[in-house]
Structures are given as C-alpha cells and as structure tokens.
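# Fold and contact review
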Amino acid sequence: MALFPNTRLRRTRSQPWIRDLVRETHLTPHDLIWTIVVSDSADPIEPVEAMPGTVRMSVAEAAKAAKRARDLGIPAIAVFPHIDPSLKDNSGTEALNPDGLVMRAVKAMKDAAPEVGIICDVALDPFTDHGHDGVMEGGVILNDATVDLLIAQSLAQVEAGCDVLAPSDMMDGRIGAIRNALEEAGHTDTLILSYAAKYASGFYGPYRSAIGSAALQGDKKTYQMDPANTDEALREVAMDIEEGADMVMVKPGLPYLDIVTRVKEAFGVPTYAFQVSGEYAMIMAAAQNGWIDGERVMMETLTCFKRSGADGILTYFAPTAAEILGE
Ligand SMILES: NCc1[nH]cc(CCC(=O)O)c1CC(=O)O
Ligand SMILES: [Mg+2]
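How each quantity is defined
Residues numbered from 1 in each chain as written. Chains lettered and ligands numbered in written order. Predicted model: local features only at pLDDT ≥ 70, side-chain atom pairs only at ≥ 80, totals over all residues. Heavy atoms only, no water. Helix = DSSP H or I, 4+ residues; strand = E, 2+ residues; numbered from the N terminus. Rg over C-alpha atoms; globule rule 2.2 N^0.38 Å. Buried < 20%, exposed > 50% of the residue type's maximum accessible area, 1.4 Å probe, protein only. Phe/Tyr/Trp six-rings, centres within 6.5 Å; stacked < 30°, edge-to-face > 60°. Lys NZ or Arg CZ within 6 Å of the ring centre and 35° of its normal.

## Quick word on the overall build of the protein
Along its length, the protein carries 11 helices and 12 strands. Against the compact-globule benchmark of 20 Å for 327 residues, the protein has a radius of gyration of 20 Å, which places it among compact chains. Projected onto its principal axes, the C-alpha coordinates of the protein cover approximately 70 × 45 × 40 Å. Per-residue burial over the protein gives 55% buried out of 327 residues.

Below is the structure:
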C-alpha cells in the first residue's frame, strides 16, 4: 500500500514538465473527425444559429474545408447534407441521386484533398419529408424496405468517391446487407464505420435544425436505443462487427462514455464517439455567456473521450481543436 508521506501524489503534478511526462492520454489532430454540413444554398456559408461558430457550406467551401483538414492533420471529414425541402419525399428518393448534393461534395473534396478520408452518413433522414431515417408506412418505419434503399444510397456514395460508409439509421441487418452489396460490386476496400450504439437522444436537436429536418414527426425511439441501456449496446456492436463493420461508433458522446469504455474493452475494435450537436451547443452557449472557458472545456472534453477508450472523436470542434494542438 502506498502511504503518505512516502507517497505524495502531488509530486508528479508539481511542474509542467513532470505533468507532461506522466500524462496518460494524448490528444492529437489525428484523433479528430471533422463533421461538416453542406448545402445547396446560393450563399457559400450560412451560420447555424443553434451551433454558434458552425456553418452550412457550399460544395466549393467543402473543398476548401478538405484542404484545411489536410493542412491541420485531421484525417477525415464526415459530411451531412442540408437538402432543398422541395426534393424531399416519403422514401428519401433524393438520397440515391448520383448527382445529389452529397455526391457532388464528395467529388469536390476528393479532388481538392485526396489525402483526406471522406465519411458519408448512410440514412434517409436528410431526404425524407417526415424526417425519419427510413421509409414510413402507417406511422411505422419499415426495416427491410429501408435497408434496400440504404444499399442503393451506399453504392451511389461509394461511386462518388466516398471512402467510409457510416450507417447512422439503426435499422437491423443493414451492415451485413451493405457489406454484401459492396463485395458484389467489387468495392472490397470500402470501410464501414457503423453507428452501432446510437441512442434516441435529445442532444441531436441543433443538428436537426442545421440540416433542415427539424419538423420530425414523432420520435426515433422504435429504432434508436433507449438511453437507459448498456448491455444492449454490446449486442448491437457484436452484430455489426459480425456483419462486416470495420469500426464502430457510440453516439452521443460525453454522457455515454461508459458505453465507449465497455465497447472498447469488450471488442478491441476501432471505436469512435460522436460529440453531437447538442453537446457542442451547450459548450458554446455557456462560453458565450462567460460561464465557462469554452476553449478549455472543449479540449478537456476531447481528452476525456480519449481517456475513456475512444480511438477518435467526431466533432464540430475539429478544426479549432486541431489549430490549438498544432500551436
Ligand atoms: N441519421 C441521422 C443523424 N446522423 C447524425 C445525427 C446527429 C448529429 C448531431 O446531433 O450532431 C443524426 C440525428 C438523428 O439521428 O436524428
Ligand atoms: Mg444494429
């Protein structure tokens, strides 16, 4: 037993150099995945009101963002679309359009900075008029009919140049179905980052207004997980790995770090956490009020993700944090 005064834990905290030496967790720009929102609007950038400091950007701006990511050492960008409401319908048909917004953004980013990995969300919610991630019939989100569309959306995204498919829809069986379709089409190197343990969370609120799907009919509790559950997360992750996911994600982030730790310990696969829009908004709102030091809290939260076992973090803070880390 380490007893006082032979052991004084303050010794290893006493100077910056010794704190540097004993630090257990290191955050680098390579740990960050930059989440961006693209839009077809005529304006190159439009501020997102509920997420101060973030914007919806045009395809041309997305190409610039890819170069910025490369220059900052951010390995990958995850892209989310704000779709013209007139293009939305019950089954999210626009998601399959080979010339759609996401496809054009992917091509522009890969042209601008081929070194940066591009991650596409696989889900129908930006494209459906009811705001759900799947096809709706009589108030029910159909699982298998949705999976068929997700396969088509995935193939269209891969053909546009996307490196990583990130299904965020929480339909059962979609990872296996997408993986089989990729193999059959000869896309053997496409990565899948599964939103394996995604919870039905109030923290997604600002995102839904950012992508223009705020008028969601009802809620997503019949497909996204109950925030009260943790064993179930391990079952979700086990199935997705079995079905062919290369990497898995837990979402939201900070309130779910116990899930990140369990997943990482149980499976030892590359595990990511998504610091979602509501987490970002809370930090920014408190910082703007002068109630917290926003930069400090940002860096603290990102470090905590890594300490919990996450291999990386999807975050709207990525470029700001990478700039600070690069100084
Ligand atoms: N497929 C939907 C999707 N993909 C990413 C987010 C949330 C991102 C965020 O809040 O930052 C959501 C929201 C939802 O499930 O309603
Ligand atoms: Mg699942």
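Now that the structure has been shown, we can carry on.
## Remarks on the packing of aromatic side chains
All told, the structure shown has 7 aromatic pairs when counted by the stated rule. When the ring of F274 is compared with that of Y316, the centres are 6.3 Å apart and the planes differ by 45°; the resulting orientation is tilted. Taken together, the residues span a long stretch of sequence, with F274 in strand β11 (residues 271-275) and Y316 in the loop between β12 (312-315) and α11 (318-326) at a distance of 42 residues. Taking the relative accessible area as the measure of exposure, Y316 reaches 7% and is therefore buried. When the ring of Y280 is compared with that of Y316, the centres are 5.9 Å apart and the planes differ by 65°; the resulting orientation is edge-to-face. You can see Y280 sitting in helix α9 (residues 277-288) and its partner Y316 sitting in the loop between β12 and α11, a full 36 residues away along the chain. Here Y280 and Y316 have matching classes, each one buried. Members of the aromatic cluster, each reached through a chain of ring pairs, are F80, Y195, Y207, F274, Y280, Y316 and F317. Taking the ring centre of Y204 as reference, the NZ or CZ of K198 above it sits at 5.4 Å. The ring of Y204 carries the charged tip of K251 above its face, separated from the ring centre by 4.6 Å.

Any link to function would need more than the numbers given here.
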